[in-house]
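# Topology and contacts: notes
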Amino acid sequence: MVKFEDQPKQEYTGIRTLETIASVFEDIQASSDMGQGEKNLRYLQLMNELEEDHGAMIVNPTEANLNLPAVELYRKVSHARVF
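Residues numbered from 1 in each chain as written. Predicted model: local features only at pLDDT ≥ 70, side-chain atom pairs only at ≥ 80, totals over all residues. Heavy atoms only, no water.

### Some remarks on the overall build of the chain
A tally of helices and strands in the chain yields 4 helices and 0 strands. Relative to its 83 residues, the chain shows a buried fraction of 33%. A fraction of 53% describes how many contacts in the chain between residues 6 or more apart in sequence connect residues 24 or more apart. In the form shown here, the chain has an accessible surface area of approximately 5600 Å², with 52% of it arising from carbon and sulfur atoms. (Helix = DSSP H or I, 4+ residues; strand = E, 2+ residues; numbered from the N terminus. Buried < 20%, exposed > 50% of the residue type's maximum accessible area, 1.4 Å probe, protein only. Contact = heavy atoms within 4.5 Å. Areas by Shrake-Rupley, 256 points an atom, 1.4 Å probe, with all protein chains shown as cover.)

Structure follows, in structure tokens:
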């Protein structure tokens, strides 16, 4: 299990795997220490990471694009936000 505190710091230049991002997402969901506002912020950070590092943002998606693992995880994280 990857804890949020174990996420890379600003100077970290590596790219986390989808599995690591998914694990962090699950940890955020399960956290009782964070309010919904903080969770939403963490989800947004994960979504940005998926867009930048894994190409999850697709302007003109096709059915095949929507089934990519990075896009599926992006949608899952996006739907977890509560406004």
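### A word on the environment of Lys 39
For Lys 39, the position within the fold is in helix α2 (residues 36-54). The class for Lys 39 is buried, based on a relative accessible area of 10%. Sequence separation of Lys 39 and Phe 25 is 14 residues, and the distance between their C-alpha atoms is 9.5 Å. Leave out the neighbours within four places in its chain, and Lys 39 touches Ile 28, Gln 29, Ser 31 and Met 34.

### Topic: the pattern of salt bridges
Inspection of the entire model under this criterion finds 2 salt bridges. When the shortest N-O distance is used, the salt bridge between Glu 49 and Arg 16 registers 2.5 Å. Separated by 33 residues along the polypeptide, Glu 49 in helix α2 and Arg 16 in the segment before α1 (18-30) bring together distant segments of the chain. Both residues of the pair, Glu 49 and Arg 16, belong to the buried class. In this structure, the salt-bridge partner of Glu 38 is Arg 42, at a minimum N-O distance of 2.9 Å. Of this pair, Glu 38 and Arg 42 are both found in helix α2, 4 residues apart, which corresponds to roughly one turn of the helix. Its relative accessible area of 33% is what places Glu 38 among the partly exposed residues. Assessed through its relative accessible area of 18%, Arg 42 is described here as buried. (Salt bridge = Lys/Arg side-chain N within 4 Å of Asp/Glu carboxyl O.)

### Points about the environment of Phe 83
Topologically, Phe 83 is positioned in the segment after α4 (69-80). Considered as a pair, Phe 83 and Asn 40 are 43 residues apart in the sequence and their alpha carbons are 8.3 Å apart.

### A short note on α2
Counted at 1.5 Å a residue, the expected span for α2 with its 19 residues is 27 Å, and the 26 Å between its end C-alpha atoms agrees. Restricting attention to buried positions, one finds in α2 the residues Lys 39, Asn 40, Arg 42, Tyr 43, Leu 46, Met 47, Glu 49 and Leu 50. Buried residues along α2 sit in contact with α1 and α4. Gly 55 occupies a position one or two residues after α2 and carries a positive phi of about 65 degrees. (Expected span 1.5 Å × (residues − 1).)

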